[in-house]
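# Observations on chain architecture
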Amino acid sequence: MPTQAEVPWTMKAWIAFGAGHVTDVLGLKTDWPIPMPPKTGEIMVKVSHVALNPGDAKMIAKPIPFRKSAIVGMDFVGEVTQVGSSTPDLRSGMIVAGTVPMINILRGIGSLAEYLVVPAHAVVEKPKGLEDRAAAGLLGIVGQTSVVMLRSAGLQKGDKVLLNGASGGVGCVLVQILNGMGVHVTGVCSSKNEAIVRRLGAQEVVDYTAHSDLYCHLSSLVKSIGSSPFDAIFDCVGDDMLYYRSPGYLKAGGTIALIKVLWGSSHSSSSTTGRPYSEEYLELTRAFSAIQQDLRPRK
Ligand SMILES: NC(=O)c1ccc[n+]([C@@H]2O[C@H](COP(=O)([O-])OP(=O)(O)OC[C@H]3O[C@@H](n4cnc5c(N)ncnc54)[C@H](OP(=O)(O)O)[C@@H]3O)[C@@H](O)[C@H]2O)c1
């Protein structure tokens, strides 16, 4: 692990020069300046893996005032190389996973670079046994969004959940966590993705393209013999009708957790919780521990 003196002066980084489509504005720089050493409450990370997200492209699609160039990317995994003061839980050599805070993204300081300085609260130590590349995809924005949605529902083993957008970025993670928790999942996606959603753990799949009135179909599903209403609905699509028509298929007092688009089509309310990121990571780690427990072969 490089000491402060050994950290190079320049690094490779994927830079968006201006706003626009990734293919038009993105370029690899091999001599981008290394970030300044971490200040109080910050750490420097030597990035090993980055997860790409549709949100990364959205963050460079539109101009941001005073930002001329930007390192793209949000989620990352890497080794802590330097720590600022007041970072008691972190030390050099630790492998951490995290997401670059939005304020840094707006300033053009993303994760797709060899080195990154972030607040210590934006990372968690990577759980042992989880591959680095999997951690990059799991413990970032998608995972945090999943945890926020899960927290709101307070589900128990044996509960029934309707998961709209089960084949999407967030849905694919949620379906696995729910399956690991022993929750019965009915996933909604198009038929081309049915097989993968079932493989990830959904017991039932509803093809939204096959029903002219999806909500009527869901109501008839729960009225069929031996069936019962859903205990919760997770909507990763943002379909208001799913909420308005929910008395037909959601039990009284059941929860609806939805990703609500705040502006354009690129942000969601579910990721703004006001809690330190690391708490969400820990919950995510616990959720996945539950999966691992569940998947362990039984004697
Ligand atoms: N990805 C993230 O990290 C993240 C984090 C926070 C918030 N968000 C927000 O969450 C939302 C979903 O993001 P995502 O990344 O999970 O999405 P995504 O990967 O684009 O997936 C979209 C899902 O919606 C389904 N779908 C598309 N059109 C539909 C329709 N007309 N009716 C019902 N389902 C439909 C798709 O099914 P098929 O493909 O099978 O047709 C797929 O399952 C977006 O608003 C995004 O901004 C995303």
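Residues numbered from 1 in each chain as written. Predicted model: local features only at pLDDT ≥ 70, side-chain atom pairs only at ≥ 80, totals over all residues.

What follows is about the sheet that holds strand β7 (residues 115-119). Read from one edge of the open sheet, five strands run β7-β3-β5-β6-β8, paired in antiparallel fashion. Bordering the open sheet on either side are β7 and β8 (123-125), each of which pairs with just one other strand. Taken over all neighbouring pairs, the strand axes of this sheet differ in orientation by 45 degrees on average, direction set aside. Relative to strand β6 (residues 95-99), strand β5 (residues 75-83) runs antiparallel, the two being bridged by five bridges. Within β6, the position partnered with Gly 78 by the bridge is Val 96. (Pairing = 2+ DSSP bridges. Helix = DSSP H or I, 4+ residues; strand = E, 2+ residues; numbered from the N terminus. Axes fitted to C-alpha atoms, helices over the stretch in contact; angles between N-to-C directions.)

A few words now on the environment of Arg 198. Note on placement: Arg 198 falls in helix α7 (residues 194-200). Each C-alpha atom of the pair Arg 198 and Val 185 lies 9.4 Å from the other, and the pair is 13 residues apart in sequence.

This paragraph deals with the confidence of the model for the protein chain. Put simply, the protein chain has an average pLDDT of 86, and 85% of its residues get 70 or more. Confidence over residues 262-278 falls short of pLDDT 50; this stretch has 30 contacts with residues more than four positions distant or in other chains. Across residues 288-299 the pLDDT falls below 50, and counting only partners more than four positions away or on other chains, this stretch makes seven contacts in the model. (pLDDT = per-residue confidence, 0-100. Contact = placed C-beta atoms within 7 Å.)

So, about the environment of Ile 43. By the element assignment, Ile 43 lies in strand β3 (residues 42-51). Since 26 C-beta atoms lie within 10 Å of it, Ile 43 is described here as buried. Setting aside chain neighbours within four positions, we find Ile 43 in contact with Pro 38, Val 80, Gln 82, Val 83, Gly 84, Thr 87, Leu 90, Val 118, Ala 120 and Val 123. (Buried ≥ 20, exposed ≤ 12 C-beta atoms within 10 Å, placed from the backbone.)

This part takes up the sheet that holds strand β4 (residues 69-71). One open sheet holds the three strands; their spatial order is β2-β1-β4, and the pairing between them is antiparallel. Only two strands of the sheet have a single neighbouring strand rather than two, namely β2 (26-33) and β4. For this sheet, the mean inter-axis angle between neighbouring strands, taken without regard to orientation, is 45 degrees. In this sheet, β2 lies alongside strand β1 (residues 10-17) in antiparallel orientation, the contact comprising six bridges. What sits directly across from Met 11, in β2, is Trp 32.

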